[in-house]
Amino acid sequence: MIRNDDVDWDGWPVRDYLGENYRELHPSDAAVIAHHAAFYRRFAPGSARRSLEFGAGPNLYPLILAAAVSRRVDAVEASAAGVAYLRRQLARGPDASWLPFHALCRRLDPRLPPTLPEALAAVRVVHGDVRAVPSGAYDIASMNFVAEGITEDFAEFTGFCHHFVRSVVPGGGLVAAFMENMPTYRVGPASRWPGCPVDPATVTEVFAPVTERLAVTRINADPTLPDYGDSGMVLLTAVRRPVTPPPPAGRTPCRPARCG
Ligand SMILES: C[S@@+](CC[C@H](N)C(=O)[O-])C[C@H]1O[C@@H](n2cnc3c(N)ncnc32)[C@H](O)[C@@H]1O
């Protein structure tokens, strides 16, 4: 069983991954963008002091979507290759292939800046491990195709999901997309990556104890994308469960033997 630390993420094949998934806007991207845009429309413009993209990889559309409501967006990513791609996009200007993504995001959330570079202006790339993100550091967190695509260990998948939930303040907003039932998968001609098959029931089981207002839906597999052995995508919104307040100082919880 391959676990997260067994993998050299610096060698993540960014070019092949982009070519297979994001060089054009596929119907499944459009469905994820529609789902996520509806989530962001619940928030007032600029209301999130800091938002997190958890395992950002080279995908720009979640960063674009966060722009309408976030004063700063941290794209946390472990792979040197992924970080280098993101930094190039911000420094030299984004690839033209992201323009249709920006156009759709803006059609669904007209509060987004009119140009793609402006939509990415609040993004800060953080080269690091998502497990090092401090609890409660963000107002909103987004995770796309990460926890189920970076380990084969279901317990570790659960741990990554719970890190994701804990990254926001209690009551903070969460939005996520998962590949559904994806086994270990290949990107490009040769490379093999760990996968942990999950479905709406497993995602619900993992998130229900630590969240509230949990909404889990799914979409069918997209025939225009490579076959990673998945059966579609699972989409989630939730808020982090507020911490149960401690009893007032000097008083203990009422127990039948003491009370009355
Ligand atoms: C399947 S890709 C998904 C990328 C992107 N979120 C997307 O929407 O396409 C998984 C990403 O997680 C990153 N990753 C793996 N382990 C990580 C860790 N412990 N901390 C941060 N990023 C990690 C990988 O480098 C890779 O970019």
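Here's a quick rundown of the structure. Computed from a predicted model, the values in this text were never measured in an experiment.

Conventions used here
- Residues numbered from 1 in each chain as written.
- Predicted model: local features only at pLDDT ≥ 70, side-chain atom pairs only at ≥ 80, totals over all residues.
- Axes fitted to C-alpha atoms, helices over the stretch in contact; angles between N-to-C directions.
- Helix = DSSP H or I, 4+ residues; strand = E, 2+ residues; numbered from the N terminus.
- Left-handed = near helix turned anticlockwise from the far one by under 90°.
- Contact = placed C-beta atoms within 7 Å.
- Expected span 1.5 Å × (residues − 1).
- Buried ≥ 20, exposed ≤ 12 C-beta atoms within 10 Å, placed from the backbone.
- Arc of directions from axis to C-beta.
- Pairing = 2+ DSSP bridges.

1. A look at the packing of helix α2 (residues 27-40) against helix α5 (residues 99-108)
α5 packs onto α2 with a crossing angle of 35 degrees between their chain directions and a minimal axis gap of 10 Å. The chirality of how α2 crosses α5 is right-handed. Contact residues: D29, A30, I33, A34 and A37 in α2; F101, L104, C105 and L108 in α5.

2. As for helix α7 (residues 154-166)
For α7, spanning 13 residues, the distance from its first C-alpha to its last is 18 Å, which sits close to the expected 18 Å at 1.5 Å a residue. All of the buried residues along α7 are F157, T158, F160, C161, F164 and V165. Along the long axis of α7, the arc covered by the buried residues comes to 160 degrees, so they all point the same way. Those residues of α7 that are buried are in contact with β1 (51-54), β4 (138-144), β5 (168-180), α8 (200-207), β8 (211-220) and β9 (232-240).

3. As for the sheet that holds strand β2 (residues 73-77)
Pairing is mixed in the open sheet, where 7 strands are placed in the order β3-β2-β1-β4-β5-β9-β8. Each edge of the open sheet is held by one strand with a lone partner, namely β3 (123-127) and β8. For this sheet, the mean inter-axis angle between neighbouring strands, taken without regard to orientation, is 15 degrees. Strands in contact with helix α4 (residues 80-92) are β2 and β3; relative to β3, the strand with the most contacts, it is inclined by about 155 degrees. Packed on one face of the sheet, α7 meets β1, β4, β5, β8 and β9 and runs near 150 degrees to β4.

4. Points about unusual backbone geometry
Located in the positive-phi region is F145, a residue other than glycine, with phi close to 60 degrees. When you line up the elements, F145 lands in the loop between β4 and α7. Its identity is not glycine, yet N181 carries a phi of approximately 55 degrees, on the positive side. Within the secondary structure, N181 is located in the loop between β5 and β6 (185-187).

5. Points about the environment of L65
For L65, the position within the fold is in helix α3 (residues 61-66). Classification of L65 as buried rests on a count of 30 C-beta atoms within 10 Å. Once the C-alpha coordinates of L65 and M233 are considered, the two residues, 168 residues apart in sequence, prove to be 19 Å apart. With near-sequence residues (within four places) excluded, L65 lies in contact with I33, H36, A37, Y40 and C105.

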